[in-house]
Amino acid sequence: MDAEQLRENAHKMVDFIADYYKSIENFPVLSQVQPGYLHNLIPDSAPHHPESLQNILDGESPNYFAYYPSNSSVAGFLGEMLSAGLNIVGFSWITSPAATELEMIVLDWLAKLLKLPEDFLSTGQGGGVIQGTASEAVLVVLLAARDKALKRVGKNSLEKLVVYASDQTHSALQKACQIGGIHPQNFRVLKTDSSTNYSLSPDSLAEAISRDLTIGLIPFFLCATFGSLNSIVSAYCFIELVMSDALFAFMIISFNLCTEEDGASKNEQPHPELEFQLAEETSHLYVQVGTTSSTAVDPLLALGNIAKSNGMWFHVDAAYAGSACICPEYRQYIDGVEEADSFNMNAHKWFLTNFDCSALWVKDRNTLIQSLSTNPEFLKNKASQANMVVDYKDWQIPLGRRFRSLKLWMVLRLYGLENLQGYIRNHIQLAKHFEGLVAQDLRFEVVTPRIFSLVCFRLLPPHNDEDHGNKLNHKLLDDINSTGKIFISHTVLSGKYILRFAVGAPLTEWRHVNAAWEVMQDKASALLARLSIE
């Protein structure tokens, strides 16, 4: 394909994407196809001869309220386009100085917007790196924490290392422990309940650590949570592209900022319905700010002090709600982050940045490098050997890496702090509005306090028959999603089946929230009517 063919086909692709987002609201939110459907639509083998782009071309909705929507925007799309066009594999500084240095700069920008401690900036001993997902982020810091601990207590002590986290932590931590060789029986999932709004109790953590120390185990990693997802993190999110003559003439997603008119047991295993992020005691502590199930916020300062006093690595997972902390009124929820050894947020979850872009900061980058670095002869070069540069290959699992900082750079520059704050606040206002709608209908209850843009609620069982409450809400979820009009998801809190309504798709407006509630009310009425007949 020559330059002119590239120009012609690229214009067609831009038109296709623009038309797709313009009409996305007309499609069912939840796919109506059956497993294996695509095999019937695509040939069994690749073509012998080239096909036209039109033949090849011959997800995502403002009504998506399940899990946590992954974000996208024109700015992110343009950054992806540029990254794909340049096709840089920037595993070390010498392969692409621009890719390396822009990533350092952009993550310093974002750290400053979040008001993270200066220890996390690249100008000191720490710095930031873009991982693919929060799952990769927690894996690399757990490995760094593990190796740091084993250097202190001896390499034969792996079987004694213990990780701690709450039962609201993402399952990615459990997988990281499996990969890192942490014995399953040394993964402590600490119970939470409604008395602390499902945040991890410092007393519960301290007691668990004390018990383990008494029997000769070594606490090394703690994970705290801040608005992470304990179910599946996938989503459809949408933006509106406005183009003319193959140019993006102008675009800002449908912010629709709120107006008066608009809205006047230490060995216990995780519950099968939940996903958890684990934490290591002595070596590593994992904390989530805003958990996946309920956006619970762990008390970072108290947990961090416990981790520090026990020589543990303290990790904060703010995959979802971390974005909200660019707003001064929500920054308080990560107070205590100065005690953390590492901090992670997904820019692709609530920051208008196309997947994948998970920002990870560490206070001491040498811990990552010592754990993950390889230095084969064919990669040696003068700048790296002299320790003059950052080589991001030593901060991650794979060798190669994409120029992902371009899309985050584009988002920050094309939107600016003011618009990004407005975007976050709008979603929170929409969730607040939905929470109010639920509270007005006495057949429902809001289960946990809403802090950000997630509302956890359920349909109350008739006659307070809790034995049938879970089946009732499971059926309601199926009935709602089967309409294809909206898509929501669920979780389990204190043994109760809970419905989750997460606002986060870029095109979601007040009318979408109101329409979604009408669907829920209609299906609840029909379900309760059937039960009364039976």
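Residues numbered from 1 in each chain as written. Predicted model: local features only at pLDDT ≥ 70, side-chain atom pairs only at ≥ 80, totals over all residues. Heavy atoms only, no water.

Peer 1: Honestly, the packing of aromatic side chains in this entry has me stumped. Any pointers?
Peer 2: Each aromatic ring pair is specified by the distance between its two centres and by the angle formed by the two planes. Tallying each qualifying case throughout the model produces twelve aromatic pairs. Ring geometry for Tyr320 against Trp350: centres 4.8 Å apart, planes inclined by 10 degrees, an arrangement best described as stacked. Linking Tyr320 in the loop between strand 8 (313-317) and strand 9 (342-346) with Trp350 in helix 10 (residues 347-350), this pair joins segments that are 30 residues apart in sequence. Comparing Tyr320 with Trp350, the two get one shared label, buried. (Phe/Tyr/Trp six-rings, centres within 6.5 Å; stacked < 30°, edge-to-face > 60°. Helix = DSSP H or I, 4+ residues; strand = E, 2+ residues; numbered from the N terminus. Buried < 20%, exposed > 50% of the residue type's maximum accessible area, 1.4 Å probe, protein only.)

Peer 1: I would appreciate a short explanation of the packing of helix 4 (residues 97-113) against helix 13 (residues 405-440) in the present structure.
Peer 2: In a pair of packed helices, the angle between the axes and the distance between the axes together describe the arrangement. The contact between helix 4 and helix 13 brings their axes to 9 Å, and the two run at 40 degrees. Here helix 13 runs oblique to helix 4, going by the angle between their axes. Crossing angle aside, the handedness with which helix 4 passes helix 13 is left-handed. Between helix 4 and helix 13, the residues in contact are Ala99, Leu102, Glu103, Val106, Leu107, Trp109, Leu110 and Leu113 and Ser405, Leu406, Leu408, Trp409, Leu412, Arg413 and Leu417, respectively. (Axes fitted to C-alpha atoms, helices over the stretch in contact; angles between N-to-C directions. Parallel < 35°, antiparallel > 145°, perpendicular 65-115°, else oblique. Left-handed = near helix turned anticlockwise from the far one by under 90°. Contact = heavy atoms within 4.5 Å.)

Peer 1: Is there a simple way to explain the pairing of strand 1 (residues 127-131) in this structure?
Peer 2: Put simply, side chains in a regular strand alternate between the two faces of the sheet. Within strand 1, five of the five residues are buried, leaving the element largely enclosed by the surrounding structure. Covered by surrounding structure in strand 1 are Gly127, Val129 and Gln131 together with Gly128 and Ile130, the residues of both alternating faces.

Peer 1: Hey, could you run me through the confidence of the model for the chain in this one?
Peer 2: Of all residues in the chain, 77% have pLDDT values of 70 or greater, and the mean over the chain is 79. Counting interchain partners and residues more than four positions distant, the pLDDT-below-50 stretch residues 228-293 has 355 contacts. (pLDDT = per-residue confidence, 0-100.)

Peer 1: For this particular structure, what's the right way to read the packing of helix 7 (residues 202-214) against helix 9 (residues 300-309)?
Peer 2: At a minimum axis separation of 10 Å, helix 7 and helix 9 run at an interaxial angle of 15 degrees. Considering their axes alone, helix 7 and helix 9 lie roughly parallel with respect to each other. The way helix 7 lies across helix 9 gives a crossing that is right-handed. Between helix 7 and helix 9, the contacting residues are Pro202, Leu205, Ala206 and Ile209 on the first element and Ala302, Leu303 and Ile306 on the second. Per-class residue counts for the contact of helix 7 with helix 9 are seven nonpolar, no polar and no charged. (Nonpolar A, V, L, I, M, F, W, Y, C, P; charged D, E, K, R; others polar.)

Peer 1: So what exactly am I meant to see when it comes to the pattern of salt bridges here?
Peer 2: Pairing between side chains of opposite charge can happen when their charged atoms approach one another. If you walk through the whole model with that rule in mind, you get 18 salt bridges. A salt bridge links Glu339 to Lys308; its shortest N-O distance comes to 2.7 Å. Linking Glu339 in the loop between strand 8 and strand 9 with Lys308 in helix 9, this pair joins segments that are 31 residues apart in sequence. The buried category is assigned to Glu339, whose relative accessible area is 16%. Each of Glu80, Asp356, Arg402, Arg404 and Lys407 takes part in salt bridges that share partners, so that together they form one network. (Salt bridge = Lys/Arg side-chain N within 4 Å of Asp/Glu carboxyl O.)

Peer 1: Can you walk me through the nonpolar core in this structure?
Peer 2: Counting residues in hydrophobic clusters, the biggest one holds 63 residues, and the most contacted among them are Phe343, Phe351 and Trp361. Phe351 has contacts with Asn71, Leu110, Ser323, Ile326, Met345, Leu408, Val411, Leu412 and Leu420, leaving out every residue within four places of it along the chain. Core analysis: the next-biggest nonpolar cluster, separate from the first, contains 35 residues, Val163, Trp313, Val362 and Tyr392 among them. (Core = buried A, V, L, I, M, F, W, Y, C linked by side-chain atoms within 4.5 Å.)

Peer 1: Quick question: what am I supposed to make of unusual backbone geometry here?
Peer 2: A negative phi angle is the norm for most residues apart from glycine, just as the trans form is the norm for most peptide bonds. Residues Phe355 and Asp356 are joined by a peptide bond in cis, for which omega reads 5 degrees. If you trace the backbone, Asp356 turns up in the loop between helix 10 and strand 10 (358-362). One non-glycine residue, Lys115, adopts positive backbone phi at about 55 degrees. Note that Lys115 resides in the loop between helix 4 and strand 1. Here Lys115 falls in the exposed class, since its relative accessible area comes to 56%.

Peer 1: Honestly, the sheet that holds strand 11 (residues 444-446) in this entry has me stumped. Any pointers?
Peer 2: In space, the four strands of this open sheet follow the order 11-12-14-13, with antiparallel pairing throughout. Looking at which strands have only one partner, the edges of the open sheet turn out to be strand 11 and strand 13 (489-493). Here the strands of the sheet are splayed against their neighbours by 40 degrees on average, with no regard to which way each runs. One ladder, built from four bridges, connects strand 12 (residues 454-459) with strand 14 (residues 496-502); its direction is antiparallel. Bridge pairing in strand 14 places Leu454 opposite Ala502. In this fold helix 13 packs onto strand 11, strand 12 and strand 14, with an angle of close to 15 degrees to the strand it touches most, strand 12. (Pairing = 2+ DSSP bridges.)

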